There are 2 protein chains.
Amino acid sequence: MALERGYVQIYTGNGKGKTTAALGLALRAVGRGLKVCVFQFIKGGGLYGEHFAAEKLAPLFTIIQSGRPGWVNTKDITEDRSVAQEAFARAEILLKSGEFDLFICDEIIGAVGFGLIDVEQVLELMAKKPEKSELVLTGRNANQQLIDAADLVTEMREIKHYYKAGVPARTGIEM
Amino acid sequence: MALERGYVQIYTGNGKGKTTAALGLALRAVGRGLKVCVFQFIKGGGLYGEHFAAEKLAPLFTIIQSGRPGWVNTKDITEDRSVAQEAFARAEILLKSGEFDLFICDEIIGAVGFGLIDVEQVLELMAKKPEKSELVLTGRNANQQLIDAADLVTEMREIKHYYKAGVPARTGIEM
């Protein structure tokens, strides 16, 4: 099956649930026989639970990770930007191939926030996506241009987070 | 594997992404070998994409649907309340069995909003969950008592939604 028409969705905000909402969309879409690609930006730090689950849902579900191991070097973004630009070019080719019904650019808005990808590049990606592909962007602090260009925008707002009570990121829940 | 300790998470608000965030958590947890139950309240209206995907992730992933077909009869909740109360009793038994590392009560907060389940019942469920089970509750308009009793609360806030532009719920995306 295929979507009759694809839209652009954004999950932003400072709360937990942006990447997980995108993963949930992926799960539902795969269940319906749609082909899904989750392309993760600034996440080169190792495999998460979703990577192991994706294997069980292959060939409909593809996850691609990009980014340097560790966190973005905010003092000198040169290397991170180069890695992110290469990843962006790859994501663009995959999205434009039209092979995927649902294409998720996870944390691409974070990459924009760090200056690794330009907002104009993302706006162009949104404008030139295949008509029948649903495009989902995640990451905190989506700027107004991105919001204006999207069809659906949800802000995940943190009301309360257990990391403030000292709970560390847990395998199977946060990673 | 198992969680060292489970917490209570709430996804509420009027935006898209509550159920999908819970499903994404389920996907990640299954990927790590955790056992997951998604117990859906007031969703008796037929199978969604997640149900088909769950089959592919069995035996780690169980989804149970409850509720009358169609929407809640807000003029006379008698029947809906009776169905929801039966479902709640079943969910309680499953959660307390300790068999599931991640237990998701999807739309239970909506069921509270409709008066089908009492807030005191949910508070007791939260208080008496097995120590190592993560409990996730979803639904709009979580009241302050539930928020106070939870460890993590995210509000999904609608910034923009394409249903206002006339886009209907689509198979593979919304259902």
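Residues numbered from 1 in each chain as written. Chains lettered and ligands numbered in written order. Predicted model: local features only at pLDDT ≥ 70, side-chain atom pairs only at ≥ 80, totals over all residues. Heavy atoms only, no water.

Engineer: Describe helix α1 (residues 18-31) of chain B, with residues and values.
Structural biologist: For α1(B), built from 14 residues, the straight-helix expectation of 20 Å at 1.5 Å per residue is met to within 8% by its first-to-last C-alpha distance of 20 Å. Judged by how many residues are buried, α1(B) sits mostly within the fold: 14 of 14 residues are covered. (Helix = DSSP H or I, 4+ residues; strand = E, 2+ residues; numbered from the N terminus. Expected span 1.5 Å × (residues − 1). Buried < 20%, exposed > 50% of the residue type's maximum accessible area, 1.4 Å probe, protein only.)

Engineer: Which residues make up the interface of chain B and chain A, and what values do they have?
Structural biologist: If you look at the interface, chain B gives 57 residues, while chain A gives 57 residues. When the two sides are added together, the surface that chain B and chain A hide from each other amounts to roughly 4,800 Å², 61% of it contributed by carbon and sulfur. Looking at the side of chain B facing chain A, the largest losses of area belong to R28(B), R32(B) and K160(B), adding up to 17% of the total buried there. Our enumeration of links across chain B and chain A arrives at six salt bridges. A salt bridge links R170(B) to E134(A), with the nearest nitrogen and oxygen atoms 2.6 Å apart. The tally of links from chain B across to chain A stands at 32 residue pairs in polar contact (both at pLDDT 80 or more). (Contact = heavy atoms within 4.5 Å. Buried area = accessible area lost by both parts, 1.4 Å probe. Salt bridge = Lys/Arg side-chain N within 4 Å of Asp/Glu carboxyl O. Polar contact = N/O pair within 3.5 Å; in protein donor to acceptor, adjacent residues only side chain to side chain.)

Engineer: Help me get a handle on the packing of helix α2 (residues 49-56) of chain A against α1(B), residues and values and all.
Structural biologist: Following both chains from N to C, one finds α2(A) and α1(B) inclined at 85°, their axes separated by 6 Å at the closest point. Taken together, α2(A) and α1(B) sit at an angle that is classed as roughly perpendicular. Facing G49(A), E50(A), F52(A), A53(A) and K56(A) of α2(A), the residues of α1(B) in contact are L27(B), R28(B), V30(B) and G31(B). Looking at side-chain class alone, the contact of α2(A) with α1(B) contains four nonpolar, two polar and three charged residues. (Axes fitted to C-alpha atoms, helices over the stretch in contact; angles between N-to-C directions. Parallel < 35°, antiparallel > 145°, perpendicular 65-115°, else oblique. Nonpolar A, V, L, I, M, F, W, Y, C, P; charged D, E, K, R; others polar.)

Engineer: Tell me what's going on with unusual backbone geometry, and back it up with residues and numbers.
Structural biologist: P59(A) follows A58(A) through a cis peptide bond whose omega is 5°. You will see that E107(A), though not glycine, has its phi angle at about 70°, which is positive. Tracing the chain through its elements places E107(A) in the loop between β4 (102-106) and α4 (108-113). Classification of E107(A) by relative accessible area gives buried; the value is 17%. The phi angle at I42(B) is positive, at roughly 40°, despite the residue not being glycine.

Engineer: An account of the relation of the copies chain B and chain A is needed here, citing residue identities and associated values.
Structural biologist: Under the fitted operation, chain B is carried onto chain A by 0.0 Å of movement along the axis and a turn of 180°, and the coordinates agree to an RMSD of 0.0 Å. On the angle and the small slide along the axis, the relation comes out as a two-fold axis. Interface residue correspondence from chain B to chain A reaches 100%, placing this contact among same-surface, isologous pairings. (Least-squares fit on C-alpha atoms with pLDDT ≥ 70 in both.)

Engineer: Provide a residue-level description of the environment of A2(A), including the pertinent values.
Structural biologist: Structurally, the position occupied by A2(A) is in the segment before β1 (8-12). The contact partners of A2(A), leaving out residues within four places of it in the chain, are L34(A) and D101(A).

Engineer: For the pattern of salt bridges, give the residues involved together with the corresponding values.
Structural biologist: Applying the stated rule across the entire model yields 24 salt bridges over all chains. One salt bridge connects R81(A) with D118(A), and the closest N-O pair in it is separated by 3.1 Å. Of this pair, R81(A) sits in helix α3 (residues 78-96) while D118(A) sits in the loop between α4 and α5 (119-128), and the two are 37 residues apart along the sequence. A salt bridge links R157(B) to E155(A); its shortest N-O distance comes to 2.6 Å. Here R157(B) is found in strand β6 (residues 152-160), whereas its partner E155(A) is found in strand β6 (residues 152-160) on a different chain. Among the residues examined, R157(B) registers a relative accessible area of 34% and is labelled partly exposed. Taken together, the shared-partner salt bridges connect K16(A), R170(A), E174(A) and E134(B) into one network.

Engineer: Describe the pairing of strand β2 (residues 36-40) of chain B, with residues and values.
Structural biologist: On a regular strand, each side chain points to the face opposite its neighbour's, so the side chains alternate between the two faces of the sheet. Residue and element names in this part refer to chain B. Summarising burial for β2: five of the five residues are buried, a large majority. Alternating residues of β2 divide into V36, V38 and Q40 and C37 and F39, and every residue in both groups is buried. Here β2 pairs with strand β3 (residues 61-65) via five bridges, running parallel. Looking at the pairing, Q40 lines up with Q65 of β3. At this point the chain moves from β2, through helix α2 (residues 49-56), to the parallel β3, and the crossover so formed is right-handed. When β2 meets strand β4 (residues 102-106), the two strands line up parallel, connected through five bridges. Within β4, the position partnered with V36 by the bridge is L102. (Pairing = 2+ DSSP bridges. Right-handed = clockwise from strand over helix to strand, strands pointing away.)

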